[in-house]
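# Commentary on secondary and tertiary structure
What follows is the residue order along each chain.
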Amino acid sequence: MAKQFTGRIELDIRDSEPDWEPYLPPKAPDGAPNVLMLAWDDVGYAAMDVFGGPIETPNMRRIADMGVRFSNFHTTALCSPTRASLLTGRNATTNGMATIAEFASGFPGISTRIPFESGFISEVLGEHGYNTYCIGKWHLTPGEECNLAAFKGRWPLGRGFERFYGWLGGETNSFFPDLVHDNHPIEPPGRPEDGYHLADDMADKAIAFIQDAKTIDPGKPFFMYLAPQAGHAPHLVPLEWADRYKGVFDGGYESIRAGILERQIELGLLPEGTQLSPINPHGEPERTGPDGQPWPNLDTVRPWDSLSDEEKRLFVRMAEVFAGYISYYDDRLGRVLDYLEESDQLDNTLIVVVSDNGSSGEGGPNGSFNEWRFFNGVPDTAESTLPHIDELGTPASNNHYNTGWAWAFDTPFPYWKRWAGAEGGVADMCLVAWPAEIAASTDVRDQYIHAVDVVPTVYDLLGIEPPEVLKGYPQNAIEGTSFAAALTDPSAPGKDTQFYTMLGQRSIYHQGWLAATVHPPLSGWGTSATTSGSCSTSLKTAPRRRTWPTRNRSISSRSRTCGSTTPGSTTVCRSTTAPLSNRCWPNGRGRPRRATSTSSTPTPQMSPSPRDRPFPGAPTPSPRA
């Protein structure tokens, strides 16, 4: 509500008293920090070295070294729903975005129209005296509104961002991007033959946006939502960056996972005794649905030993290209950090780094030279891609790796993006740093947190009370919970409960358990009353304990008992009180209730500090071009 005029108005202006307060723009408190929210795309839990993976990301390590790592951060398993939660602090269903923006239906939870009652953090911070910028992927506008004739209230400038440079849809091409500048589409400022790449362009614009305002008002803080294309397909990068990873992936996706897990344990992300999820853990592709439907071929992994030498060569190159792609974007994003440091802004910048979901499985078991085949329901074969192996990552391709690498980059978890019932779909990296106010810590935080918790945490750290009314709209309650206390207190509690729903899957986390239906995304299997399910659980002997698979154990003697094992060595739980039984994959960080352990595994001794040594075989970073 606008401030009331408190001056005096007389017939003669000379007898009147002005009051400028109602007409002045909002002003942030002196010393208010900048806020940089960096949202990677389809980067799995274990892809980057900062989370134990094989891909060198020195600038993400740089942020981690300035702040803290959260090992138990979760998303919605898909792009648009996570981003809506990251920017509003409300759950995907409340936001009407419990699917991707192109899949709108005429129902409140999946209309893909984020209600104005769910205010964006950009809208709130703008009213607290911040400049607000969005750079990169948006994916929060309904597909039918991404045109110049459409209503623009759901474009970035309609949701509180003063400036936008990026693309409205779910992906773009790093060599030929579909760019929008503010409210109008533009041609890319260069072509690949001229050395153009989207990563460089985004870094340039991010720095320019900040400079434009800081030149005029150096003390005014900014909020920047910086959302790179990486690691979403297509994986396009100058090939010299891919070539730096020669030899790193030669052993295949099954063998590399053991080294990743070892590294994660060293870093303190996971405890001693953590086990790797098995390949195709539900017994796919033989596993069938409740009415005999086949397991979707898209969501299977081909065992490495079953591949021909040529297929192995192809799949290795897919991983090299992806790794170079991530490293290249990390390098260019480092230019933004360099600028903030050189301009004495880095220390007073609150930085939050996340990925929007697990690694992408849209490449299927064979990967793809042109992922548009997937979008059109055309199966890919390794034979059709092999003739193009040397073009992967170039402007001639539109490539995507295969599900084996999606599984590896989500180590130690099963599955990948879209799977809201498995940690491979919803567990992601999270880094938070604010050097001026939060001491860097080597003690990894294991509190269970979710994308919906980021906005209330930022408000908490900035001392901002969420408004009850924003731009005339009464506001929905913030549904996330601040985890600000965990930034300085490793023993602070995490959240107890979080639900998930995505593409037919349903699951719920509660106090250390994740219960989920067995319903492959988009499979069309059954109904809520006939979807099959099973349960795999473990009692955690320490806050970060996770095992896979687990021994048979009763969850609740009142309602469920555990029975025989399915292919893949998981454990089936059959409900005795309802037709729908559930799968409870162990989350592993909270302590479950009402269970007794027969395990003799001792409480793990965690390393007091993570060590950032390179992954075996990883390339030595080269100076930034």
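Structure first, text after, so check above.
Here's what I pulled together on the structure shown here. Because the structure is predicted, anything quoted here is derived from the model rather than measured. (Residues numbered from 1 in each chain as written. Predicted model: local features only at pLDDT ≥ 70, side-chain atom pairs only at ≥ 80, totals over all residues. Heavy atoms only, no water.)

Our focus in this paragraph is the packing of aromatic side chains. Taken as a whole and judged by the stated rule, the model has 29 aromatic pairs. Judged by centre distance (6.0 Å) and plane angle (20 degrees), the ring pair of W295 and W419 falls under stacked. Here the residue W295 occupies a position in the loop between α6 (253-267) and α7 (309-342), and W419 occupies one in the loop between α10 (403-408) and α11 (423-426), the gap between them amounting to 124 residues. For W295, a relative accessible area of 4% corresponds to the buried category. (Phe/Tyr/Trp six-rings, centres within 6.5 Å; stacked < 30°, edge-to-face > 60°. Helix = DSSP H or I, 4+ residues; strand = E, 2+ residues; numbered from the N terminus. Buried < 20%, exposed > 50% of the residue type's maximum accessible area, 1.4 Å probe, protein only.)

The contact between helix α1 (residues 58-66) and α7 brings their axes to 8 Å, and the two run at 45 degrees. Considering their axes alone, α1 and α7 lie oblique with respect to each other. Facing α1, whose interface residues are P58, N59, M60, R62 and I63, α7 presents D330, D331, G334, L337, D338 and E341. Class assignment for the residues of the contact of α1 with α7 results in four nonpolar, two polar and five charged. (Axes fitted to C-alpha atoms, helices over the stretch in contact; angles between N-to-C directions. Parallel < 35°, antiparallel > 145°, perpendicular 65-115°, else oblique. Contact = heavy atoms within 4.5 Å. Nonpolar A, V, L, I, M, F, W, Y, C, P; charged D, E, K, R; others polar.)

Considering all chains together, one arrives at four cavities of 30 Å³ or more under this definition. In this model, the largest cavity occupies a volume close to 100 Å³. Contributing to the lining of the largest cavity are T76, N91, A92, T93, A98, H450, Q498, F499, Y500, T501 and M502. With five residues, the single largest contributor to the lining of the largest cavity is strand β13 (residues 497-502). By residue class, the composition of the lining of the largest cavity is five nonpolar, six polar and no charged. (1 Å grid on protein atoms, 1.4 Å probe; cavity = no way out; pocket = protein on both sides within 12 Å on 5 of 7 lines; lining within 4 Å. Points joined across faces, edges and corners; volume = space filled by probe spheres on them.)

This paragraph deals with the pattern of salt bridges. Under the defined criterion, the tally for this structure stands at 34 salt bridges. Notably, a salt bridge pairs R62 with D338, separated by 2.8 Å at the nearest N-O pair. Linking R62 in helix α1 with D338 in helix α7, this pair joins segments that are 276 residues apart in sequence. Across the pair R154 and E145 runs a salt bridge, and its minimum N-O distance is 2.9 Å. (Salt bridge = Lys/Arg side-chain N within 4 Å of Asp/Glu carboxyl O.)

Before going further, it helps to examine the nonpolar core. Membership of the largest hydrophobic core comes to 94 residues, with the highest contact counts inside it found for W40, L226, F249 and W405. No other element matches the 17 residues that α7 contributes to this core. The next biggest cluster of nonpolar side chains, apart from the first, holds 50 residues, and it includes F73, I114, V180 and L487. (Core = buried A, V, L, I, M, F, W, Y, C linked by side-chain atoms within 4.5 Å.)

What follows concerns the side chain of H235. Structurally, H235 can be placed in the loop between β7 (222-227) and α5 (239-243). Within polar-contact distance, the side chain of H235 engages the backbone oxygen of G231 at 3.4 Å. Ignoring sequence-local partners within four residues, the contact set of H235 consists of V321, F322, Y325, G393, N399, H400 and Y401. (Polar contact = N/O pair within 3.5 Å; in protein donor to acceptor, adjacent residues only side chain to side chain.)

Ordered in space as β6-β5-β4-β3-β7-β1-β8-β9-β2-β10, the 10 strands form an open sheet in which the pairing is mixed. The sheet is open, and its two edges are formed by β6 (184-186) and β10 (449-450), each paired on a single side. Direction of pairing for strand β1 (residues 34-40) relative to strand β8 (residues 349-355): parallel, over a ladder of seven bridges. Paired with L38 across the bridge in β8 is V353. Contacts from helix α2 (residues 79-88) reach β1, β3 (131-137), β7 and β8, with the element oriented near 165 degrees to β1. Docked against the sheet, helix α4 (residues 198-214) engages β1, β3, β4 (163-167), β5 (179-181) and β7, running at close to 175 degrees with respect to β3. (Pairing = 2+ DSSP bridges.)

Interpretation note: all reported values are geometric properties and have no functional meaning in isolation.
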